[in-house]
Amino acid sequence: MHKAIDYNALGWVRKELGETLRLARLQLEEYAEETTNKLLLQHCATQLHEALGPLQMVNIKGAVLLVTEMEGVVADLQQGGSIKETETAMELLMQSFLQLPDYLASIRSGREERPETILYLVNSLRAVRGEQPLQQTDIFSPDLHVRVPTSVFDVRAKPRCQDVPSMARAARVRFQGGLLEWYRNAEGNDGLRILIDVLEHLQQHAGSEPVARIWWVGAGLAEALRDGLLETTVEVKQLFGQLDRQIKRLMDLGESVFDDVLSDDLMKNLLYRLAQVTSGSQRVSVIRETYGINQLLVDQQVAETVSDRQISDELIQTVAVAIRSDMERIKESLDDYYKRDDRNSQ
């Protein structure tokens, strides 16, 4: 479920959160100098865990993902043995510590959160632990609380169907027939037309908004496929398999089960596919407008463009300090060389 960032709460916890992350970073820096002292890693993990609470409270999804993975890497380093490339893990942790303050600062300045910009870093941390990468769908978060148009579902209207199990049973027989036709003849549109017709019928006879919206969005995806706006992939076919299971749930359990995580997850995945469509039928256009998919897609494209270019102020300062330190060492070496050369010439 989509939940907005609490900007007021973020302002309250900003200083405490920044200090907690700073202390965690210092513990990691000390450990880099003294790798036998595992207690430093334990202190670092404790600080990271303390930072998770405020981040979850204000609902900064990207930061929660990043800190969770950082905590996991630190825990594995503390146990020893499970991470083979320890130097890579340390570098990624330091990069994360330097990137996180800039990410939070951009949100405090009023910008929309864009978890896509740090997904590459999250997945790098997962990779060093041997975990599978997260996908874009894992961080795609349309607002499922928005009301659908009254043409899709009108709360004032009386329910049109009293015998839901019988209606759902008949709909499922036709839906499965449409699926079979679509699978056998991917080039033709007869199967997709059947799917659209069944989903429209289910939507028109829905007795609650969560039920109506899932058939509405499913029909929109079928129309996008019919019009050649999306490629028919295995993943897309699996979504229609999930819609078939939703019809079975309607038949067996009724409409009350549709306001749950399973239905919301299917809705999110259906909407994610429609986010890849730049044009389409009137239904598709209304769906995209209702759930703000147009802006979500723009944000994602911008985020992918800038993700590799994000450099935090703290990272710049750290690099500058390192360069100054190197230059001082070079200067000292040159001074020593010239002094020895002067003594030898005398």
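The structure we're discussing is the one just above.
So, here's what we can say about the structure. Since we're looking at a predicted model, the values are computed, not measured.

## Regarding helix α3 (residues 61-79)
- Counted at 1.5 Å a residue, the expected span for α3 with its 19 residues is 27 Å, and the 27 Å between its end C-alpha atoms agrees.
- Immediately downstream of α3, the backbone of Gly-80 shows phi near 80°, a positive value.

## Quick notes on helix α5 (residues 119-128)
- With 7 of 10 residues buried, α5 lies mostly within the body of the structure.
- Taken together, the buried positions of α5 are Leu-119, Leu-121, Val-122, Asn-123, Leu-125, Arg-126 and Val-128.
- Packed against the buried residues of α5 are α3, α4 (86-108) and α6 (136-139).
- After α5 finishes, the residue Gly-130 shows a positive phi value of roughly 80°.

## Some thoughts on the packing of aromatic side chains
- In total, this model carries 5 aromatic pairs according to the counting rule given.
- Summarising the aromatic geometry, the rings of Trp-215 and Phe-258 are spaced 5.6 Å apart at their centres and angled 65° between planes, so their arrangement reads as edge-to-face. Of this pair, Trp-215 sits in helix α9 (residues 209-226) while Phe-258 sits in the loop between α10 (234-253) and α11 (261-274), placing them 43 residues apart in sequence.
- Residue classification places Trp-215 among the buried residues on the basis of a relative accessible area of 0%.
- By relative accessible area, Phe-258 is classed as buried at 0%.
- Between Trp-216 and Tyr-291 the ring centres are 6.4 Å apart and the planes differ by 40°, which places this aromatic pair in the tilted class. Of this pair, Trp-216 sits in helix α9 while Tyr-291 sits in the loop between α12 (282-290) and α13 (293-306), placing them 75 residues apart in sequence.
- Taking the relative accessible area as the measure of exposure, Trp-216 reaches 3% and is therefore buried.
- Take Tyr-291: its relative accessible area is 4%, and that puts it in the buried class.

## Digging into the environment of Leu-202
- With respect to the element layout, Leu-202 can be found in helix α8 (residues 190-204).
- In this structure, the C-alpha to C-alpha distance between Leu-202 and Ile-214, residues 12 residues apart in sequence, is 9.6 Å.
- Those residues in contact with Leu-202 that sit more than four places away from it in its chain are Met-167, Ala-171, Trp-215, Ile-247 and Leu-250.

## Topic: the side chain of Asp-264
- Following the sequence through the fold, Asp-264 ends up in helix α11.
- By relative accessible area, Asp-264 is classed as buried at 7%.

## A look at unusual backbone geometry
- Unlike most non-glycine residues, Asn-59 shows phi in positive territory, near 65°.
- Its location among the elements puts Asn-59 in the loop between α2 (38-58) and α3.
- Using a relative accessible area of 22% as the deciding quantity, one classes Asn-59 as partly exposed.

## Quick look at the side chain of Arg-288
- With respect to the element layout, Arg-288 can be found in helix α12.
- Look at Arg-288: it is buried, it has no salt bridge, and the nearest opposite charge is Glu-289 at 9.3 Å.
- At 2.7 Å, the side chain of Arg-288 and the backbone oxygen of Leu-274 are in polar contact.

Definitions and cut-offs
Position numbers for residues count from 1 along each chain, tracking the sequence in the order it is written. Residues qualify for local features only when their pLDDT is at least 70, as the model is predicted, and side-chain atom pairs are given and counted only at 80 or more; totals for whole chains, interfaces and linings, by contrast, use all residues. The basis for every side-chain value is the complete set of non-hydrogen atoms in the structure, without hydrogens or water. Working definition: helices are DSSP H or I runs of at least four residues, strands are E runs of at least two. Numbering for both runs from the N terminus. Between the first and last residue of a helix there are one fewer steps than residues, each counted as 1.5 Å, and that sum is the expected span. Accessible area is worked out with a 1.4 Å probe on protein chains only. A residue is then buried under 20% of its type maximum, exposed over 50%, and partly exposed in between. The contact rule is simple, with two residues in contact once any of their heavy atoms fall within 4.5 Å. Classification of ring pairs uses Phe, Tyr and Trp, with its six-membered ring standing for Trp, and accepts pairs whose centres are within 6.5 Å; under 30 degrees between planes counts as stacked, over 60 as edge-to-face, and the remaining range as tilted. We treat Lys and Arg as the positive residues and Asp and Glu as the negative residues; His and chain ends play no part in the count. Salt bridge, as applied in this entry: a Lys or Arg side-chain nitrogen positioned within 4 Å of an Asp or Glu carboxyl oxygen. Residues adjacent in sequence count toward polar contacts only when both atoms are side-chain atoms; beyond that, a polar contact is any pair of N or O atoms within 3.5 Å, and within protein one must be able to donate a hydrogen and the other to accept it.

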